[in-house]
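# Analysis of the macromolecular model
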Amino acid sequence: MYPSPFTYHRPASVEAAVALLAEFGDDAAPYAGGTELLLAMKMGFAQYDHLIDLKRLPTLRTIANEGEFLSIGALATHAEIAADPTVRDLLPPLAALCGEVANPRVRSSGTIGGNLCFAEPRADPPALLAGLDATLILRSTSGERAVPAASFITGALETVRAADELLVRIDILLSERRVRYERIVFGHRTVAGAVAALGAPGQPERIWVGGVATCPAPLPLTQSLLDAEPGAADARLHDAVTQDIAALDIADDEEASADYRRHLAATVALRAIAGCREELQR
Ligand SMILES: Cc1cc2nc3c(=O)[nH]c(=O)nc-3n(C[C@H](O)[C@H](O)[C@H](O)COP(=O)(O)OP(=O)(O)OC[C@H]3O[C@@H](n4cnc5c(N)ncnc54)[C@H](O)[C@@H]3O)c2cc1C
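Residues numbered from 1 in each chain as written. Predicted model: local features only at pLDDT ≥ 70, side-chain atom pairs only at ≥ 80, totals over all residues.

## Quick look at helix α11 (residues 234-246)
Residues lying three or four places apart along an α-helix face the same way, a consequence of the helix completing one turn every 3.6 residues. Stated formally: By the criteria applied, helices consist of DSSP H or I runs no shorter than four residues and strands consist of E runs no shorter than two, each listed in order from the N terminus. Multiply 1.5 Å by the residue count of a helix minus one, and that product is the helix's expected span. Exposure criterion: with C-beta atoms placed from backbone coordinates, a residue whose C-beta has 20 or more other C-beta atoms within 10 Å is buried, one with 12 or fewer is exposed, and one in between is partly exposed. Picture the helix axis, draw a direction to every C-beta atom, and the arc is the one those directions span.
If you check α11, its first and last C-alpha atoms are 18 Å apart, about what 13 residues at 1.5 Å a residue would give, namely 18 Å. Inspection of α11 places Leu237, Ala240, Val241, Asp244 and Ile245 among the buried residues, and these make up the whole buried set. Take α11 and look down its axis: the buried residues cluster within an arc of 125 degrees, on one side only. Counted as exposed and oriented over 90 degrees from the buried face of α11: Ala235, Arg236 and Ala246.

## Comments concerning the pairing of strand β11 (residues 178-186)
Stated formally: When DSSP finds at least two bridges between two strands, those strands are taken to pair.
Relative to strand β12 (residues 189-198), β11 runs antiparallel, the two sharing nine bridges. The residue bridging Arg178 from the neighbouring strand is Leu198, located in β12. Once β11 ends, the chain turns through two residues before running back antiparallel as β12, passing Gly187 with a positive phi of about 65 degrees.

## Considering the domain arrangement of the protein
Applied cut-off: For the domain bounds, the source is a domain assignment made automatically or taken from a database. Two residues qualify as a contact pair if the distance between their C-beta atoms, derived from the backbone, is within 7 Å. Ten residue types, Ala, Val, Leu, Ile, Met, Phe, Trp, Tyr, Cys and Pro, are classed as nonpolar, four, Asp, Glu, Lys and Arg, as charged, and the remainder, Gly among them, as polar.
The domain architecture assigned to the protein consists of domain 1 (7-53), domain 2 (58-173) and domain 3 (178-281). The centre of domain 2, based on its C-alpha atoms, is set 21 Å off from the matching centre of domain 3. Facing 17 residues of domain 2, the contacting portion of domain 3 comprises 18 residues. Of all elements in the fold, only α5 (92-98), α8 (125-131) and β8 (153-155) reach the threshold of two or more residues within the side of domain 2 that touches domain 3. Class assignment for the residues of the side of domain 2 that touches domain 3 results in 11 nonpolar, four polar and two charged.

## Digging into the site of the ligand
To be explicit about the condition: Put plainly, near means the residue's C-beta atom, positioned from the backbone, lies within 6 Å of the molecule or strand in question.
Around the ligand, the structure places 32 residues, and the nearest of them are Ala32, Gly33, Ala102, Gly110 and Gly114. Broken down by secondary-structure element, the contributors of at least two residues to the shell around the ligand are β2 (28-31), α6 (104-109), α7 (112-118), β10 (166-173) and β12. A per-element tally of the shell around the ligand places α7 first, with five residues. Of the residues assigned to the shell around the ligand, the class counts are 16 nonpolar, 12 polar and four charged.

## Some remarks on the packing of α11 against helix α12 (residues 258-281)
Stated formally: An axis is simply a line fitted to the C-alpha atoms; with a helix, the fit covers only the stretch in contact. Between two such axes, the angle follows the N-to-C directions and lies from 0 to 180 degrees. Throughout, the term roughly parallel applies to angles under 35 degrees, roughly antiparallel to angles over 145, roughly perpendicular to angles from 65 to 115, and oblique to all others. The hand of a helix crossing depends on one turn: near helix anticlockwise from the far one by less than a right angle means left-handed, and clockwise means right-handed.
Interhelical geometry of α11 versus α12 gives an angle of 135 degrees and a closest axis separation of 10 Å. In this view, α11 runs oblique relative to α12, as classed from their interaxial angle. The crossing of α11 and α12 is right-handed. On α12, the residues touching Leu237, His238, Val241, Thr242, Ile245 and Ala246 of α11 are Arg262, Ala265, Ala266, Ala269, Leu270 and Ile273. The class makeup of the residues in the contact of α11 with α12 is nine nonpolar, two polar and one charged.

## Focus on the sheet that holds strand β4 (residues 63-65)
Read from one edge of the open sheet, five strands run β4-β5-β10-β6-β7, paired in antiparallel fashion. At either end of the open sheet lies a strand with only one pairing partner, and these are β4 and β7 (143-148). Strand-to-strand, the axes of this sheet are offset by a mean angle of 20 degrees, without reference to chain direction. Across five bridges, strand β5 (residues 69-73) lies against β10 in antiparallel orientation. Following the sheet pairing, Gly73 is matched in β10 by Arg169.

## A word on the pairing of strand β13 (residues 206-210)
Among the five residues of β13, five are classified as buried, and the element is accordingly described as predominantly covered. Here β13 shows no split at all, with Arg206, Trp208 and Gly210 on one side and Ile207 and Val209 on the other all buried. Both β12 and β13 contribute to a ladder of five bridges, which runs antiparallel. Bridging from a neighbouring strand, Ala197 pairs with Arg206 of β13. The sheet contact formed by β13 and strand β14 (residues 217-218) spans two bridges and is antiparallel. By the bridge assignment for β14, Trp208 is matched with Pro218. In textbook terms, the turn of a hairpin is the stretch between consecutive antiparallel strands, and for β13 and β14 this stretch comprises six residues, one of which, Gly211, has a positive phi near 80 degrees.

As structure tokens, then:
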């Protein structure tokens, strides 16, 4: 299938890109790697009169250690993040994940920003970044605003991004927490993913799951248990994780029943916690 006709724009600056978004609003879509967007347009699930190609905006690709946080441009591809020495050094689980999502073709053109803005329920970075207390920086002609990764995605293919906003970068707070991301994949897509970020003095523990409900979700009972009792026994952890996951709105679909997904989500969450605990003991 072919997408319906559209006008192709290739702005030479971020200012020009947001001006185009302001001009065309809902009729326009930013075009990064195109791995989701073009497929959705070809299948007839999405239609835009204007595509705004971001590929000539190298400033959106920058990856930098900003001291308190790691800053990753929205246009950085999975492959670039996986290979970047700063990410590998400061946040190895993110580099490792970006090195294994999808396939080499998607990794070399698909971007972290496209992944987040598409908000596909089975995507991995949304849960990982929520668990890391990352902040997404959105830019429009009115300026910039910061949105916590934890509240960016509101449902399947839905985010708080307004039509005139461009995601420009992701700022990830650097902390002493040990971080572990675990996932189970069917085919190319994740059916359950979980991040644990544990063990930094004075900072709350974080456990999030993704890939199971329409958007990433925290496990609040488990987090509180670990905050109060970092060495909580495995049986109590198991109960807390099970209760948290039972409270999530998970539906049956063609890949897995809701019950099976709950089982997988509990499995990856417990693996992520166990992995962090092991690292903390080294
Ligand atoms: C076969 C296959 C397997 C996959 N497996 C996995 C997997 O295991 N785990 C996983 O997490 N993901 C997986 N993915 C998803 C993949 O990560 C995304 O396709 C990719 O990251 C999307 O990025 P893109 O640059 O191509 O986005 P595009 O397709 O260009 O854009 C996607 C959406 O985001 C919008 N957009 C893009 N950039 C911006 C921006 N800067 N600001 C505002 N809006 C923007 C676009 O308008 C569009 O609506 C898979 C995809 C495929 C095709």
